[in-house]
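Residues per chain are reported as follows:
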Amino acid sequence: MTSRLALAALLAALALVPLGISDQYVLHIMVMICLNVMMAVSMWLLGITGLISFGQAGFMFIGAMTTTLLVKLGHWPFWVSLPFGAIAAGLVSIPVGRLSLRVKGVYFFLVTLAFGEVVRGVFAYFQDPFGGWYGIRDIPPPEPAKLFDTLHKLPFYYLGLVLTLITCLVVYRASRAWFGMILWSIREGDLLASSVGVNVPGFKLAAFVVAAFFAGLAGSFYAHYFAYISPLVFTFQYSVSILVFIVVGGFNSFAGPIVGAVVLTLIPELFRVTGKYQMLIFGLILVGSMLTMPDGIMGAVQRWRARRVRSS
Amino acid sequence: MALLEVQGLTKRFGGLVAVNDVSLSVEPGEIRGLIGPNGAGKTTLFNVISGALKPSAGRIRFDGRDITGVPMHALVRRGVVRTFQHSQLFPGFTVLRNVLIGLHLHAGSGFLEGLVNSPATRRRREELEDRAMEIVRFVGISARAHELAATLPHGYKRILQVAVALGPTPRLLLLDEPVAGMNHEDVDRMMDLVRDLREKRGITVVLVEHNMQAVMNVCDRITCIQFGRKIAEGTPEVVSQDPTVIEAYLGTFDDDDGDPVPNMDSHDASNVDSHDAA
Ligand SMILES: Nc1ncnc2c1ncn2[C@@H]1O[C@H](COP(=O)(O)OP(=O)(O)OP(=O)(O)O)[C@@H](O)[C@H]1O
Ligand SMILES: [Mg+2]
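Residues numbered from 1 in each chain as written. Chains lettered and ligands numbered in written order. Predicted model: local features only at pLDDT ≥ 70, side-chain atom pairs only at ≥ 80, totals over all residues. Heavy atoms only, no water.

## Thoughts on the sheet that holds strand β6 (residues 80-82) of chain B
Residue and element names in this part refer to chain B. To keep things clear, this is the line we draw: A pair of strands is treated as paired once DSSP finds two or more bridges between them. What counts as a helix is a DSSP run of H or I of at least four residues, what counts as a strand is a run of E of at least two, and both are numbered from the N terminus. Here the axes come from fitting lines to C-alpha atoms, over the contacting stretch only for helices, and the angles between their N-to-C directions go from 0 to 180 degrees. Contacts between residues were defined by any pair of non-hydrogen atoms, one from each residue, lying within 4.5 Å.
On the basis of which strands lie adjacent, the open sheet formed by 6 strands has the order β6-β7-β8-β3-β9-β10 and mixed pairing. The sheet terminates laterally at β6 and β10 (229-234), the two strands that pair on one side only. Shown here is a sheet whose adjacent strand axes are inclined to one another by a mean of 15°, direction ignored. Pairing of strand β3 (residues 31-35) with strand β9 (residues 221-226) involves 4 bridges; the strand directions are parallel. Following the sheet pairing, Arg32 is matched in β9 by Arg221. Helix-sheet contacts for helix α6 (residues 154-166) involve β6 and β7 (172-176), and the interaxial angle to β7 is about 155°.

## A closer look at a nonpolar patch on the surface
Residues and elements named next belong to chain A. Under the convention used in this document: Candidate patch residues must exceed 30% relative accessible area and have no salt bridge, after which like charges are joined if within 9 Å and Val, Leu, Ile, Met, Phe, Trp or Tyr side chains if within 5 Å. Using the Shrake-Rupley algorithm and a 1.4 Å probe, accessible areas are obtained, with residue cover drawn only from the displayed protein chains. Salt bridge criterion: a side-chain nitrogen from Lys or Arg within 4 Å of a carboxyl oxygen from Asp or Glu. Residue burial is assigned from relative accessible area. The probe radius is 1.4 Å, only protein chains are included, and a residue is buried under 20% of its type maximum, exposed over 50%, and partly exposed in between.
A surface patch of nonpolar side chains, amounting to about 480 Å² of accessible area, comprises Trp76, Val80, Phe84, Ile87, Leu91 and Ile94. As for its position among the elements, Leu91 is in helix α4 (residues 78-100). Its relative accessible area of 55% is what places Leu91 among the exposed residues.

## Things to note about the domain arrangement of chain B
Residues and elements named next belong to chain B. Basically, it comes down to this: Note that domain bounds follow an automatic or database assignment of domains. A quick way to say it: buried area is the sum, across both parts, of accessible area lost when two parts are put together, with a 1.4 Å probe. N or O atoms within 3.5 Å of each other form a polar contact, as long as, within protein, one can give a hydrogen and the other can take it, and as long as residues adjacent in sequence are counted only when both atoms are side-chain atoms.
Considered domain by domain, chain B is made up of domain 1 (1-79 + 170-278) and domain 2 (89-169). Contacts between domain 1 and domain 2 engage 21 residues on the former and 17 residues on the latter. For the pair domain 1 and domain 2, the summed buried area comes to about 1600 Å², and 65% of that belongs to carbon and sulfur atoms. Connecting domain 1 to domain 2 are 1 salt bridge. Across the salt bridge formed by Glu134 and Arg201, the nearest N and O atoms sit 2.7 Å from each other. Put simply, domain 1 and domain 2 have 6 residue pairs in polar contact (both at pLDDT 80 or more) between them. At the level of secondary structure, the elements contributing two or more residues to the side of domain 1 that touches domain 2 comprise α2 (72-78), β7 and α7 (184-201). With 8 residues, α7 is the single largest residue contributor to the side of domain 1 that touches domain 2.

## Some details on the interface of chain A and chain B
Worth spelling out the cut-off: We call Asp, Glu, Lys and Arg charged. Ala, Val, Leu, Ile, Met, Phe, Trp, Tyr, Cys and Pro are nonpolar, and the rest, Gly among them, are polar.
Taken together, the contact between chain A and chain B spans 23 residues of the former and 32 residues of the latter. For the pairing of chain A and chain B, the buried interface totals around 2400 Å² over both sides, and the portion due to carbon and sulfur atoms is 74%. Contact with chain B buries surface across chain A, with Trp178(A), Leu192(A) and Val196(A) losing the most and accounting together for 31% of the total. Here chain A is connected to chain B by 0 salt bridges. For the pair chain A and chain B, the number of links is 2 residue pairs in polar contact (both at pLDDT 80 or more). Secondary structure elements with two or more residues in the side of chain A that touches chain B: α7 (154-176), α8 (178-195) and α9 (200-226) of chain A. The element contributing the most residues to the side of chain A that touches chain B is α8(A), with 13 residues. Taken together, the residues that form the side of chain A that touches chain B break down as 15 nonpolar, 5 polar and 3 charged.

## Overview of the coordination of the magnesium ion (ligand 2)
Residue and element names in this part refer to chain B. This is how the line gets drawn: Counted as coordinating are nitrogen, oxygen and sulfur atoms within 2.8 Å of the metal, or 3.2 Å for Na, K and Ca, while water is not included, which may make sites look incomplete.
For the magnesium ion (ligand 2), the full set of protein donor atoms is Thr43 (OG1) and Gln85 (OE1), at a range of 1.8 to 2.2 Å. Taken together, the residues span a long stretch of sequence, with Thr43 in helix α1 (residues 42-49) and Gln85 in the loop between β6 and α3 (95-102) at a distance of 42 residues. Exposure remark for Gln85: the relative accessible area of 22% places this residue in the partly exposed category.

## As for the site of ligand 1
All names here are of chain B. Let me state the cut-off plainly: One heavy atom within 4 Å of a molecule or strand makes the whole residue count as near it.
Taken together, 13 residues lie near ligand 1, and Lys42, Thr43, Thr44, Gln85 and His210 sit nearest. A distance of 2.9 Å separates an oxygen atom of ligand 1 from a polar atom in the side chain of Asn38. Contact with the protein chains covers 62% of the free accessible surface of ligand 1, which is 630 Å². If you list the elements that add at least two residues to the shell around ligand 1, you get β2 (16-26) and α1. In terms of residue count, α1 provides more of the shell around ligand 1 than any other element does, 3 residues in total. A per-class count over the shell around ligand 1 returns 4 nonpolar, 7 polar and 2 charged.

## Remarks on the nonpolar core
Just so we agree on the cut-off: To define a nonpolar core, start from buried Ala, Val, Leu, Ile, Met, Phe, Trp, Tyr and Cys residues and group those joined through side-chain atoms within 4.5 Å.
By size, the foremost hydrophobic cluster in this structure holds 157 residues, and its most contacted members are Phe59(A), Ile229(A), Ile35(B), Leu160(B), Leu173(B) and Leu197(B). Domain assignment of the residues forming this core places at least three in each of domain 1 (1-79 + 170-278) and domain 2 (89-169) of chain B. For Leu173(B), the contacting residues outside a window of four places in its chain are Val81(B), Val162(B), Ala165(B), Leu166(B), Leu197(B), Ile203(B), Thr204(B), Val205(B) and Val206(B).

Set out below in structure tokens:
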């Protein structure tokens, strides 16, 4: 009950507090948080099975490119092309998943990593229609254009918030249902799971496709928010930072990737004033948190709670 | 008609013939023992029958239908379920949840079903939880239903593995060394459980075991293999007196009590702790 109240309060705050924020920079950071949370949460669902994909930025790029081309060349309305970005990423992920899931462990990382680089390479190679290394600019904002004015980020924030909440709801539900329980069981013991009839490759593929779908959705939103996409954005480094969000937040609970994405998006911003030391401080905090909280922030919170319950 | 019929089964690993032209048939309701020295090919035979490996030659029929080369997850649906020689559990799950995963085939597990979470889905889940509890009670570990599998004592872990395998409602259960590393008390519990599987659930059982006492007590018939070949088959009395079987285990007689039954424990490193525990 209290957790329901807390959730309601949090949602209310997310909806109302930004109304009082006029600083566009702060709103921009909040949009970035939305994007990072979407990427981290969707990747976490795949992570439940014990798999880590280093190709999430590739799927994000596919989503971004799809919606960009549909709107710019096909003159599709934004609201139709937005989901198509996600669908395109989901469709591409089916053969990619089938191929990469055949190999195990570190080879899976490598295949997904290679996939992300191939996507970048293809989009960078073909100037027409993908824009090459220069990328594509002047991607139209969402409609109605009056509302989504690039100088005013509040509507973008609300759109990002809604997309993030949809992602979180879907992933949370799936992780709590039988589907999610089977994903956990695959991590615990894939041999045993398959011996009682679990189609292990099928479940892994399903999780892979869902993760790619939402990465594509985040990419779609990204394209229309920044109005600019390029191969320099959707890099391997970004895929790695998504993993870092999850690890720092904690792999074992749904809140982990969210907390990790929020905290790690904020921290570099807080230290922006330190100028050239910004990334150094960020790195130190990262290493420190991994050493002191091996189960991530949420793992530490849970331990702290358990201790309090015991001592009271 | 035999429930399981294996004909001329051969499995090669490169130059090594792990299972060599083995034929055997198991009647419905039978408890069959499969014995043989280390490396004889018992686990490989299980792997092939259960669809984990494809045979190099030979045919397998289950309930009159050819199941040669049918993959494991499909065979499970038809009622052929196996357990593993080396402990396989979901260590981070509770006992109950381990068994619940075993009931996977009876659950609606799709991604979309999870999203909708309809009342029907929830009812189904509750039903399955009841069934899992019922299985936990049947195998006699309900006192530990809510403990993590990882924290169970060894004997309970082995029993839990059988409980998980009951989830898909098997008609034929292949148990690979279910009492490996157990103390006497736990061995007796496991053997009572194996009898219950047949008596109360009508399950046909094939079990690999090095613990001769257990095999002799519980099995109707015993098949002995060595170097991948079947060397003897029959009732426990017949097989234990068979000269080829005795020869296969020569040097490992339990001299202390002059028992003609060969003792294979000394072969098996995994059984060492059973002596400690006993
Ligand atoms: N996947 C494999 N690849 C290559 N060789 C294998 C494989 N599996 C088993 N073998 C070999 O096949 C032979 C039979 O092994 P298997 O595990 O079936 O014996 P076992 O009778 O179960 O022995 P144990 O009593 O020790 O469990 C052994 O020589 C083993 O090394
Ligand atoms: Mg074996």
